[in-house]
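So the chains spell out like this:
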Amino acid sequence: MVDWSGGNDRGPKPKADAIWVCAARDGVADAPVYLRNRALAEAWITDFINAERAAGRRVLAGFDFAFGYPAGFGKVLTGSDDPFAIWDWFAAHVQDAPDGNNRFDLAGQINGLFPGIGPFWGNGLKRDIANLPRKGSARAGHGMAERRQAELQAKGAFPVWQLSGAGAVGSQVIMGLPSLARLRKRFGKDLCVWPFEAQNAPIAIVEIWPSLIAKVIAATQPADLPKDAHQVFVLAQTLSRLTPDQLTAMLDVPINPEGSILGLDHVSLLTETVLGPPPLRNDCFAMPQGTHWTPVDQALTHLKSRLSVVVNDETIPLDQAAGRYLAAPVTAARAHPPAANAAVDGYGFAGPAPDGVQVLPLVQGRSAAGAPYAGDVPAGHALRILTGANLPKGVDTVVLQEDVTATQNEVRFHGPLKKGANARKAGEDMTQGQVILETGRKLTPADLGMMAAVGVGQLRVRRRLRVGILSTGDELRTPGSAIDDGQIYDANRPMLHALACDWGYEAVDLGQAPDDRERLGQILTEGAARCDVILTSGGASAGDEDHMSALLKDSGSLALWRIAMKPGRPLALGFWGQKPVFGLPGNPVAAMVCAMIFAAPALRVLAGGTWQEPQSFQVPAGFTKSKKAGRREYLRARINNGVAERFASEGSGRVSGLSWATGLIALNDGAQTIAPGDLVTFIPFSSFAA
Ligand code: AMP
Ligand code: MG
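Since this is a predicted model, take the numbers as computed values, not measurements.

## Let's talk about the packing of helix H8 (residues 227-241) against helix H10 (residues 267-275)
To describe two helices that pack against each other, one gives the angle between their axes and the distance between the axes. Interaxial distance between H8 and H10 falls to 9 Å at its minimum, and their mutual angle equals 100 degrees. Accordingly, the angle class assigned to the pair H8 and H10 is roughly perpendicular. The residues of H10 that touch H8, namely those facing Val234, Thr238, Leu239 and Arg241, are Leu270, Thr273 and Val274. Of the residues that constitute the contact of H8 with H10, the class distribution is four nonpolar, two polar and one charged.

## Overview of the sheet that holds strand S14 (residues 346-349)
Across the sheet, six strands lie side by side as S17-S14-S16-S15-S19-S18; this open sheet has mixed pairing. At either margin of the open sheet sits one strand with a lone partner, and together these are strand S17 (397-400) and strand S18 (405-406).

## Here we look at the site of ligand 1
Near ligand 1 lie 15 residues; those nearest to it are Glu475, Asp490, Ala491, Gly539 and Asn587. One of the side-chain nitrogen or oxygen atoms of asparagine 492 is found 3.3 Å away from a nitrogen atom of ligand 1. In the complex, 75% of the free accessible area of ligand 1, which totals 480 Å², lies under the protein chains. Here the residues of the shell around ligand 1 are counted per class, giving five nonpolar, seven polar and three charged.

## Some words on the packing of aromatic side chains
Under the criterion given, the structure shown has 23 aromatic pairs. Taken together, a centroid distance of 5.8 Å and an interplanar angle of 55 degrees make the contact between tryptophan 4 and phenylalanine 65 tilted. Placement of tryptophan 4 in the loop between strand S1 (2-3) and strand S2 (19-21) and of phenylalanine 65 in the loop between strand S6 (59-63) and helix H2 (73-78) is noted, with a sequence separation of 61 residues between them. A relative accessible area of 2% places tryptophan 4 in the buried class.

## A short note on the pattern of salt bridges
Following the criterion strictly, the structure yields 31 salt bridges and no others. As a salt-bridge pair, aspartate 490 and arginine 493 come within 2.9 Å of each other at their nearest N and O atoms. Comparing aspartate 490 with arginine 493 shows no difference in burial state: the two are buried. With a shortest N-O distance of 3.1 Å, glutamate 633 and lysine 625 are connected by a salt bridge. The exposure classification of glutamate 633 matches that of lysine 625, with both residues buried.

Cut-off values and rules
- Residues numbered from 1 in each chain as written.
- Chains lettered and ligands numbered in written order.
- Predicted model: local features only at pLDDT ≥ 70, side-chain atom pairs only at ≥ 80, totals over all residues.
- Heavy atoms only, no water.
- Axes fitted to C-alpha atoms, helices over the stretch in contact; angles between N-to-C directions.
- Helix = DSSP H or I, 4+ residues; strand = E, 2+ residues; numbered from the N terminus.
- Parallel < 35°, antiparallel > 145°, perpendicular 65-115°, else oblique.
- Contact = heavy atoms within 4.5 Å.
- Nonpolar A, V, L, I, M, F, W, Y, C, P; charged D, E, K, R; others polar.
- Pairing = 2+ DSSP bridges.
- Near = heavy atom within 4 Å.
- Polar contact = N/O pair within 3.5 Å; in protein donor to acceptor, adjacent residues only side chain to side chain.
- Areas by Shrake-Rupley, 256 points an atom, 1.4 Å probe, with all protein chains shown as cover.
- Phe/Tyr/Trp six-rings, centres within 6.5 Å; stacked < 30°, edge-to-face > 60°.
- Buried < 20%, exposed > 50% of the residue type's maximum accessible area, 1.4 Å probe, protein only.
- Salt bridge = Lys/Arg side-chain N within 4 Å of Asp/Glu carboxyl O.

The values reported here are purely geometric and, on their own, carry no functional implication.
Encoded structure:
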């Protein structure tokens, strides 16, 4: 992305009104580059495009000036409506040197071709120029529209006719089009210009206008970077974070010889993308070379270190926030309790009360919750007070009503009673301004109660993670439908769908994919556009019909994890359309166990939560078992009479064992012999949802 300039050479020290360029790839921008004049900028951009092309990459190059003029201008200037004729005209007529150029003279010369006065105006020079008025209001009868269609929509955009004065863009256009004309000649068929041509070349040149998202650019401006540098940084990074579909939609406008502004109809998407989290790295699942069987703990450590949140933030009311992940710490808006108050129904006075029988005259009136007593209670007196009522002045201690004998005028009770008894101090629970919950917290019902108590009404949380669920395999049929020999019902999809819902996500049913690579690719592409992450089952190994792993391999992002665990089989991890894909085994027992052990903690991080090991308990075993060294084993298990039972068969085809169980017993990687009464690690299924 290029922030162009219409002025002269700005010298070696970075200046805001020179040229700034910023390149981004895969959602990560390089540092912005300062270019003091147009000749240097054109050379830098040419070299950059050449280098990118040599590396096999495509280039979307954005320039922040109008690519065309209001309709009809070209006809007068060049005799043609072809916008490129205007570019070529300027390339032939503009004289540009670091210390000066002929833009004002040219503008006057062009005005001479039009009737009346104008359309160009504004003269940055001391000398007068024939046909170039200094004031816009001096123009008349030139016949040109003041703005292009795009500028009518882009509120605040300056007309291309104004050549000087604060905010003017006309000079940039005149001094920019010759460079674009030369780039176009240089790259020929490899380059297309938006929206003058079909977008079918590896280099595309587009018009950008950073002010389209001025608010969010200003909101993210670092103190140590010039505004122009930050603008190109934000735009480059943001455009490279869009999915191919989003970018395609943005580029999809009718051919328009006036030119347009990229993203004009997509301001909220751009804004959301600027504020959104950085994308995951495409290689984040890659395991170090040389590991054949990866221990479970190592695989988990890998996921923990590589994954990060992928969903944007939003502000929602407290009562809708259960199960959401906090995007910012929450501080108490008010102390809790806000004022000292009574913990019981009784009588308040100034404590302590000494040993022996106490007789305190009663002050008339009372203090109740929501109706505090306004006056003072004199020393040696008491006041009727109810639970939750503020302690009036002169009261710090409350005697329980059950412990007193009261008449109209006095109360009697047995001392001693400590100062502060049965009273709550202001802020003893939470103080005002105290951080009560941290970023990444998954909000519980109790959290909502706590936040409500201190007056938090709105919360900054992560948007709910959208999890796509897809089954793969020619043999699968939807439960309830007709079925032939050789076909089976799809058990994984309803199971994984329900798991994702249980974990608090928005599950998206992506259906079944046949064992057909092309069709599976299409379904994944559609799924990636609708979801933040995709869980698939089946086809994850390296066999002939393992299309899931084959496709991810073709996309260049496959990491085939062979985990030393039972039940297992390889996990195929990768990316499709920039979205992470967890290719789980097809076998339902393995699919569910792998989903719980690997997908549950991973999705939690993608959703904005902190990494969390599932809560487990040490429980005496109610069975005998010996296991080999070298792999982790997860047994379908449940607790009965304080003892962990395991499902009778370890056969991984037995789906009924999943239903029988309420959790998993995890047996660690070493060899073990377990006898009844030995402690084993039991993980309730519900722990994975926490
Ligand atoms: P795959 O990983 O595709 O080789 O599948 C392994 C085993 O799991 C095969 O017996 C499949 O038929 C079975 N399987 C795959 N997907 C499902 C599913 N969604 N529901 C039930 N069984 C499945
Ligand atoms: Mg299969």
